[in-house]
Amino acid sequence: MTGRAPLPSWQDDLPGTLAACWSFLARGVVDRRSGFHHPVISSIGLDGAPRSRVMILRGVDIAARSLRVHTDMRSEKIAEWRADPRVFILGYDAGQKLQIRLLGRVSLHHDDAVAEAAWQ
């Protein structure tokens, strides 16, 4: 016996793995103790150097495969995301010893229906 915890049932099943990861991300929205509540979001700075910051996960839309975070429109990252919307998102839950890494593109919403719905 190696002392390792048993592997999850979805470990060798790609659809099961995707479903589990989206479930963990969705739980991160409502569970402040989840490691996925505060992922690291990396992008390219205006000077071409990488930039990373911890952000709070505010919403997950599994069907659309999208995550929602909030930020101040005056922040430096807005100009960075407008110049290059590519992002890398890293979440880690130490309790589960599980890392989720995502590639994506930012869609900015300010003074539109999506932003209004988020405020509601």
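Our structure is the block above this text.
Residues numbered from 1 in each chain as written. Predicted model: local features only at pLDDT ≥ 70, side-chain atom pairs only at ≥ 80, totals over all residues. Heavy atoms only, no water.

A. Geometry of the pairing of strand β4 (residues 66-69). Alignment of strand β3 (residues 57-61) against β4, held across 4 bridges, turns out to be antiparallel. Along β4, the bridge assignment pairs V60 with L67. Connecting the antiparallel pair β3 and β4 is a turn made up of 4 residues, with R65 showing a positive phi of about 50°. (Pairing = 2+ DSSP bridges. Helix = DSSP H or I, 4+ residues; strand = E, 2+ residues; numbered from the N terminus.)

B. Structural context of the packing of aromatic side chains. Applying the stated rule across the entire model yields 2 aromatic pairs. Pairing F24 with F36 gives two aromatic rings, centres 6.3 Å apart and planes at 20°, and the pair type is stacked. Here F24 is found in helix α1 (residues 14-30), whereas its partner F36 is found in the loop between α1 and β1 (40-44), with 12 residues between them in sequence. Per residue, the accessibility class of F24 equals that of F36, and both read buried. Aromatic rings pair up to connect W10, F24 and F36 into one cluster. (Phe/Tyr/Trp six-rings, centres within 6.5 Å; stacked < 30°, edge-to-face > 60°. Buried < 20%, exposed > 50% of the residue type's maximum accessible area, 1.4 Å probe, protein only.)

C. A look at the sheet that holds strand β6 (residues 98-105). The sheet built from 4 strands is open, its strands ordered β2-β1-β5-β6 with antiparallel pairing. The open sheet has two free edges, formed respectively by β2 (50-54) and β6, since each of these has just one partner strand. The mean angle between the axes of side-by-side strands here comes to 20°, regardless of whether they run parallel or antiparallel. For β1 and strand β5 (residues 86-93), the ladder comprises 3 bridges, and the chain directions are antiparallel. The residue of β5 that forms the bridge with S42 is F88. (Axes fitted to C-alpha atoms, helices over the stretch in contact; angles between N-to-C directions.)

D. Here's a closer look at the nonpolar core. Core analysis: the biggest nonpolar cluster contains 9 residues, these being A20, C21, W22, F24, L25, F36, L57, L98 and I100. Mapped onto this core, the elements with two or more residues apiece are α1 and β6. When residues of this core are assigned to their parent elements, the largest contribution, 5 residues, is made by α1. If you look at the next biggest cluster of nonpolar residues, it comprises 6 residues, including I41, M55, I78 and I89. (Core = buried A, V, L, I, M, F, W, Y, C linked by side-chain atoms within 4.5 Å.)

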